[in-house]
Amino acid sequence: QVQLVESGGGLVQAGGSLRLSCDASGRTFSSYAMGWFRQAPGKEREFAAAITRSGGATYYADSVRGRFTISRDNAKNTVYLQMNSLKPEDTAVYYCAASYLGLLESDSRKYEYWGQGTQVTVSS
């Protein structure tokens, strides 16, 4: 079992930045690939970014590539999402998720554990 808790969301103006954190507890954090997903009102949950167990490889959705950076600190059991040049369309609840497969997955069904989410609102 892995427990995930996101933090760092909030209200920011377009063009601004936020850094989300996801703290993990339970089984060995470094055994899991991690992902960030988001869900806007009235829309399906969508993939944003993923990182391998070691942090050696990352993968991004086209909509965030070049603006968002995923990273992890296995010593702190934490995964981060640095979000720059934010746009109003980035407004969503952001979720972190853990996948024992360890691969760079954009399919939410490949993730076994999920956090409760943190709200990000970008004003124009």
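Structure report, in brief.

1. Some words on the nonpolar core
Okay, step 1: Of all hydrophobic cores here, the largest spans 36 residues; its most connected members are Leu4, Met34, Trp36, Leu81, Met83 and Tyr94.
Okay, step 2: Elements that contribute at least two residues to this core include exactly β1 (2-7), β3 (18-26), β4 (33-39), β5 (46-51), β7 (68-73), β8 (78-83), β9 (92-99) and β11 (118-123).
Okay, step 3: Dropping the residues within four chain positions of it, Met34 is found in contact with Leu4, Cys22, Phe29, Ala49, Ala50, Ile51, Ile70, Arg72, Val79, Ala97, Ala98 and Tyr111.

2. Quick notes on the sheet that holds β3
Note on sheets: strands pair through backbone hydrogen bonds, and any given pair is parallel or antiparallel.
Okay, step 1: One open sheet holds the 4 strands; their spatial order is β1-β3-β8-β7, and the pairing between them is antiparallel. In the strand order of this sheet, the two ends are held by β1 and β7, each with one partner. Between one strand and the next, the sheet's axes are offset by a mean angle of 15°, whatever the strand orientation.
Okay, step 2: Across 6 bridges, the pairing between β1 and β3 is antiparallel. By the bridge assignment, Glu6 is partnered in β3 with Cys22.

3. Thoughts on the pairing of β11
Okay, step 1: The side-chain alternation of β11 yields one buried face, formed by Thr118, Val120 and Val122, and one unburied face, formed by Gln119, Thr121 and Ser123.
Okay, step 2: Sheet topology places strand β2 (residues 10-13) next to β11; 4 bridges connect them, and they run parallel. Paired with Gln13 across the strands is Ser123, a residue of β11.
Okay, step 3: Two elements, β9 and β11, share 3 bridges in a ladder whose sense is antiparallel. Paired with Tyr94 across the two strands is Thr118, which belongs to β11.

4. A word on the environment of Leu104
Okay, step 1: Topologically, Leu104 is positioned in the loop between β9 and β10 (113-114).
Okay, step 2: In sequence terms Leu104 and Gly35 are 69 residues apart; their C-alpha atoms lie 8.0 Å from each other.
Okay, step 3: Contact partners of Leu104, with chain neighbours within four places excluded, come to Ala50, Ile51, Thr52, Ala57, Thr58 and Tyr59.

Parameters and conventions
Residues numbered from 1 in each chain as written. Predicted model: local features only at pLDDT ≥ 70, side-chain atom pairs only at ≥ 80, totals over all residues. Heavy atoms only, no water. Core = buried A, V, L, I, M, F, W, Y, C linked by side-chain atoms within 4.5 Å. Buried < 20%, exposed > 50% of the residue type's maximum accessible area, 1.4 Å probe, protein only. Helix = DSSP H or I, 4+ residues; strand = E, 2+ residues; numbered from the N terminus. Contact = heavy atoms within 4.5 Å. Pairing = 2+ DSSP bridges. Axes fitted to C-alpha atoms, helices over the stretch in contact; angles between N-to-C directions.

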